[in-house]
Amino acid sequence: MPSAIGKKALFLGAGFVCEPAVQALSEAGVKVTVACRTLGAAQALTANYKSTTAIALDVVNEPENLSAAISQTDIVISLIPYVHHALVVSAAIKYSKPVVTTSYISPALWALDDQAKAAGITVLNEIGLDPGIDHLYAVKTIDDIHKAGGQVKAFTSYCGAIPAPENSDNPLGYKFSWSPRGGLNALLNSAQWYRDNDIATVDGKNLIAAASPQRIFPGFNLVGYPSRDSVGFRDFITSPKNTPSFGEPYDMPGSLR
């Protein structure tokens, strides 16, 4: 495997989820540039790590500066809000630079698929906890059942993280590892999924009312709720279209995520 030492990474964002990735890249010898609208936030993130640089960059309102930063890097890691990823990918296509995000693949990104292929770049999405790790473990679990001679008649996937009890010190029992506003806004998303081979739906205003108790671990009062749109994943898996440029979402028919 080629060494990452001396490679350059442009990191877009300086929120809660960014520091572990910046730390890992720094320790691997990658030269990291952290770009954020607020220079102070980027500087606070880079202060404790070697081979890191902070710059001020407004992705939405400074397209020329975005293009200039992308042209000077080897890879772009975008952890800004998902609605801006298409702007980033469009600029990356121009300079044939690969892009990594943890977000769902949006229609705006699908619209850039052919251009990304023509540029010969990979745009790798859905590699976080949700979506990402949950997809991989869904496939692993189903594969294990098939290898053991079993048959999957229904599949429900729940994804989340549990804070240590000593750190669960607020009324919500919740620790924010990303934008608190984004976390709360996610509780207003509408959702649809397959249930008994029919599409079930819930409006965002009723999302939490659709939550159900999950007695997975003794001592934890957990609930699970539907997460956005799972219907498209079955359509993708059963489609003959091969889309390597944007990665491949690993979710299965019948999932509630």
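So, here is what we can say about the structure in this document. (Residues numbered from 1 in each chain as written. Predicted model: local features only at pLDDT ≥ 70, side-chain atom pairs only at ≥ 80, totals over all residues. Heavy atoms only, no water.)

1. A short note on the sheet that holds strand β5 (residues 99-101)
If you trace the six strands from one edge of the open sheet to the other, you get β3-β2-β1-β4-β5-β6, paired in parallel fashion. What marks the edges here is a single partner per strand, and that holds for β3 (52-56) and β6 (123-124). Strand direction decides the pairing type here: strand β1 (residues 8-12) and strand β4 (residues 75-78), joined by four bridges, are parallel. Bridging across to β4, A9 finds its partner in I75. (Pairing = 2+ DSSP bridges. Helix = DSSP H or I, 4+ residues; strand = E, 2+ residues; numbered from the N terminus.)

2. Observations regarding helix α1 (residues 19-27)
Every buried residue of α1 is accounted for by V22, L25 and S26. Mapping the buried residues of α1 onto a view down its axis gives an arc of 100°, with all of them on the same face. In this structure, α1 carries P20 and E27 as exposed residues pointing more than 90 degrees from its buried face. Here the buried face of α1 lies against β1, β2 (31-36), α2 (39-46), β3 and β4. Of the residues flanking the end of α1, it is G29, one or two places downstream, whose phi is positive at about 90°. (Buried < 20%, exposed > 50% of the residue type's maximum accessible area, 1.4 Å probe, protein only. Arc of directions from axis to C-beta. Contact = heavy atoms within 4.5 Å.)

3. Examining the nonpolar core
L12, L66, I70, V88, V89 and V99 are the most contacted members of the largest nonpolar core, which has 23 residues in total. Only β1, α3 (63-71) and α4 (85-94) provide two or more residues apiece to this core. Element by element, the count of residues in this core is highest for α4, at six residues. When near neighbours in sequence (up to four residues on either side) are disregarded, V88 contacts L12, V59, L66, I70, V76, S78, I80 and V99. Of all hydrophobic cores here, the second largest spans 14 residues; its members include A9, V22, V32 and V34. (Core = buried A, V, L, I, M, F, W, Y, C linked by side-chain atoms within 4.5 Å.)

4. A look at helix α7 (residues 133-147)
In this model α7 runs 21 Å from its N-terminal to its C-terminal C-alpha over 15 residues, within 8% of the 21 Å that 1.5 Å per residue would give. Buried residues of α7: D134, H135, A138 and I142, and no others. Taken down its axis, α7 places every buried residue within 105° of arc, on the same side. The outward face of α7, more than 90 degrees from its buried face, is lined by the exposed residues L136, Y137 and K147. Taken from the residues just after α7, G149 is the one with a positive phi, measuring 90°. (Expected span 1.5 Å × (residues − 1).)

5. Quick look at the pattern of salt bridges
Scanning the entire structure with this criterion turns up two salt bridges. The partner of K117 in a salt bridge is D113, with the nearest N and O atoms 3.4 Å apart. Placement of both K117 and D113 in helix α6 (residues 113-119) is noted, with a separation of four residues, approximately one turn of the helix. Assessed through its relative accessible area of 33%, K117 is described here as partly exposed. Take D113: its relative accessible area is 1%, and that puts it in the buried class. (Salt bridge = Lys/Arg side-chain N within 4 Å of Asp/Glu carboxyl O.)

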